Amino acid sequence: MSYAIFLPLLNCISVTSSRRSEKEPFSPLLLANIGQLVTVELPSKKVGPRRGNDLGELGIIEDGAVLCIAGKIVSVGKTKDALRDPWLKKNRKKIVEIDWSDKVVVPGFVDSHTHPVFVGPRLIDFEKRIEGATYEKIAAAGGGIRSSLGGVRAAGKRELADKVLSALREMAAHGTTTVEAKSGYGLTVESEIKSLQALRDAALSWPGTVVPTLLGAHVVPKEFQGCSQKYVEIVCKEMIPRAAREKLAQFVDVFCDKGAFTAEETQQIFEAAENHGLSLRAHMGQLSETKLTPFLRFHPASFDHMDHVNDEDIAQLAKYDTIATLVPGANYFLALGEYPNARKLIDAGVPVALATDYNPGTSPTLSMPMAMSLACTHMKMSPAEAIAAATINGAWALRLAERKGSIQAGKDADLAVFDVEDYREIPYWFGSNRCEMAVTNGVLSREL
Ligand code: NIG
Ligand code: FE
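Structural notes, computed from the coordinates.

The rules behind each value
- Residues numbered from 1 in each chain as written.
- Chains lettered and ligands numbered in written order.
- Predicted model: local features only at pLDDT ≥ 70, side-chain atom pairs only at ≥ 80, totals over all residues.
- Heavy atoms only, no water.
- Helix = DSSP H or I, 4+ residues; strand = E, 2+ residues; numbered from the N terminus.
- Rg over C-alpha atoms; globule rule 2.2 N^0.38 Å.
- Buried < 20%, exposed > 50% of the residue type's maximum accessible area, 1.4 Å probe, protein only.
- Contact = heavy atoms within 4.5 Å.
- Lys, Arg positive; Asp, Glu negative; His and termini not counted.
- Charge placed at Lys NZ, Arg CZ, Asp CG, Glu CD.
- Pairing = 2+ DSSP bridges.
- Axes fitted to C-alpha atoms, helices over the stretch in contact; angles between N-to-C directions.
- Phe/Tyr/Trp six-rings, centres within 6.5 Å; stacked < 30°, edge-to-face > 60°.
- Lys NZ or Arg CZ within 6 Å of the ring centre and 35° of its normal.
- Near = heavy atom within 4 Å.
- Polar contact = N/O pair within 3.5 Å; in protein donor to acceptor, adjacent residues only side chain to side chain.
- Areas by Shrake-Rupley, 256 points an atom, 1.4 Å probe, with all protein chains shown as cover.
- 1 Å grid on protein atoms, 1.4 Å probe; cavity = no way out; pocket = protein on both sides within 12 Å on 5 of 7 lines; lining within 4 Å.
- Sits in = over half its atoms within 2 Å of the grid points.
- Nonpolar A, V, L, I, M, F, W, Y, C, P; charged D, E, K, R; others polar.
- Donors = N, O, S within 2.8 Å, 3.2 Å for Na, K, Ca; no water.

## Quick look at the overall build of the protein
Inference 1: The helix and strand inventory of the protein stands at 17 helices and 16 strands.
Inference 2: Relative to a compact globule of 448 residues, whose C-alpha radius of gyration would be 22 Å, the protein shows 21 Å and is just as compact.
Inference 3: Principal-axis analysis of the C-alpha atoms places the extent of the protein at approximately 70 × 45 × 40 Å.
Inference 4: Counting across all 448 residues of the protein, residues that qualify as buried make up 61%.
Inference 5: For the protein, the share of sequence-separated contacts (at least 6 apart) that also reach a separation of at least 24 residues comes to 74%.
Inference 6: The distance from the centre of the 51 positive side-chain charges to the centre of the 54 negative ones in the protein is 4 Å.

What follows is the structure, encoded as structure tokens:
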């Protein structure tokens, strides 16, 4: 890979981004002598989400260098080539240089499935499961998602935004720089809108990128039990139009499963979202199988969980860009013996992403390295596949692959630095955080 500074970008970059106009302009940042620079760039330059063997292609540069200016990556290559570059030689005094010898640098993780707008942990559910109750049984008895609603309904927007912001900061400390974040624990028009506003407010104080999703269709709240259609109408006719009008959400998600919303209700919600210009994603196949093919006409960005999926649907999915987002943290925390069949999906050509599914019921982890570790040990994904699934395919799942998910000139300067010598150590050292620093839209995490 050559070290050519991406000049078109240098010409069009202004040094302050509008989102952070109150901050100092970014100094150009040269990250040099990087032990292993994991670019996740595909040598063949094929476009589209990573499938099959391409998922394991990491484009590693030994002794690498990355130059970032004004929140963008402007060049990527070997350190020795970077230091010979005439522009760099001339401007060296203006550049902040960081030596990352013996470190691994990867693209900042893209956590494409999280539920951070909640008030507290669900410790009673936790103990009941330890005693042998299942997630479904606890939910049917009034625990589960419904037991998180009271806290969010009663909370002020500021309190929720503070909770979200501290989650975002902890995610960044584990190497995550882009986060999809759902509402879904209010389930009234007002409390869903309040949750989305809290996401927006938290995002303004965080240098990373937040992609908001309306999950008004998380479960049917108890006031509508037995008349779910009335609730679906509120989602379609009130929540979706308002979230779209106030530009509070980019995606609409539905929990399509037994005990939540039916396939017919999901289609109704998808139609309403489409009519309001919002993109789609859904929780699919977590507890039981739903036929996926009828939903492909909506071109959803992702189907998430995918524990239960049939072979015909797998063959169909391989023809689409809809990402299968696997969230093994949920299987781990619910102590399920089975995990999604990642090997079958990958080998069939389905593009697979990994995410934390951070939430108080099934997956209270913010750590993408933990999700990657579980993917390696329980789903037989290679460490290389886990890294690409946590970066570039996560970016595809959020329709952000033009800007995020790999270390390439022209993309956003989102990087995670790990205090390890080999990228395989990232999923290997589970339960301890080896992430030393993140660069998030060009901002070093130590400046936060
Ligand atoms: O992704 N399945 C739906 N939503 C979450 C769980 C939410 C909860 O239990 O609070 C999930 O697993
Ligand atoms: Fe989820």
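## What about the sheet that holds strand 6 (residues 109-111)?
Inference 1: Across the sheet, eight strands lie side by side as 6-7-8-9-10-11-12-13; this open sheet has parallel pairing. The open sheet is flanked by strand 6 and strand 13 (352-354), the only strands paired with a single partner. If you compare each strand with its neighbour and ignore which way they point, the axes differ by 25 degrees on average.
Inference 2: Across four bridges, strand 10 (residues 279-284) lies against strand 11 (residues 302-305) in parallel orientation. By the bridge assignment for strand 11, Ala282 is matched with Phe303.
Inference 3: Each of strand 8 (209-217) and strand 9 (251-256) touches helix 9 (residues 228-245); the most contacted strand, strand 8, lies at about 155 degrees to it.

## Topic: the packing of aromatic side chains
The geometry of two aromatic rings is summed up by the distance between their centres and the angle between their planes.
Inference 1: Using the criterion set out here, one finds nine aromatic pairs in the structure.
Inference 2: Ring geometry for Phe109 against Phe418: centres 5.9 Å apart, planes inclined by 55 degrees, an arrangement best described as tilted. Residue Phe109 is located in strand 6, and its partner Phe418 is located in strand 14 (residues 415-418); the two are separated by 309 residues in the primary sequence.
Inference 3: Overall, the relative accessible area of 1% leaves Phe418 in the buried class.
Inference 4: A ring pair is formed by Phe224 and Tyr231, whose centres lie 5.4 Å apart and whose planes are at 50 degrees; its orientation type is tilted.
Inference 5: Judged by its relative accessible area of 1%, Tyr231 falls in the buried class.
Inference 6: An aromatic cluster of at least three residues, connected via ring pairs, comprises Phe118, Tyr185 and Tyr358.
Inference 7: For the cation-ring pair, Arg281 lies above Phe251, with the distance from its terminal atom to the ring centre recorded as 4.4 Å.
Inference 8: Of note, Arg434 hangs over the ring of Trp429, and the distance from its end group to the ring centre comes to 4.3 Å.

## Focus on the site of ligand 1
Inference 1: Around ligand 1, the structure places 15 residues, and the nearest of them are Arg122, Tyr135, Tyr185, Gln286 and Thr362.
Inference 2: Here an oxygen atom of ligand 1 and a side-chain polar atom of Tyr135 are 2.5 Å apart.
Inference 3: For ligand 1, whose free accessible area comes to 330 Å², the fraction covered by protein is 100%.
Inference 4: According to the grid-proximity analysis, the pocket containing ligand 1 is the largest cavity.
Inference 5: Among the residues making up the shell around ligand 1, the classes are represented as four nonpolar, nine polar and two charged.

## A short note on the coordination of the iron ion (ligand 2)
Inference 1: Protein coordination of the iron ion (ligand 2) is provided by His113 (NE2), His115 (NE2), His283 (NE2) and Asp357 (OD), with donor distances spanning 2.0 to 2.3 Å.
Inference 2: Each donor residue of the iron ion (ligand 2) lies on one chain, and together they are spaced H-x1-H-x167-H-x73-D. Separated by 242 residues along the polypeptide, His115 in the loop between strand 6 and helix 4 (123-130) and Asp357 in the loop between strand 13 and helix 14 (368-379) bring together distant segments of the chain.
Inference 3: The exposure class assigned to His115 is buried, which follows from its relative accessible area of 2%.
Inference 4: Under the relative-accessibility criterion, Asp357 is labelled buried at 1%.

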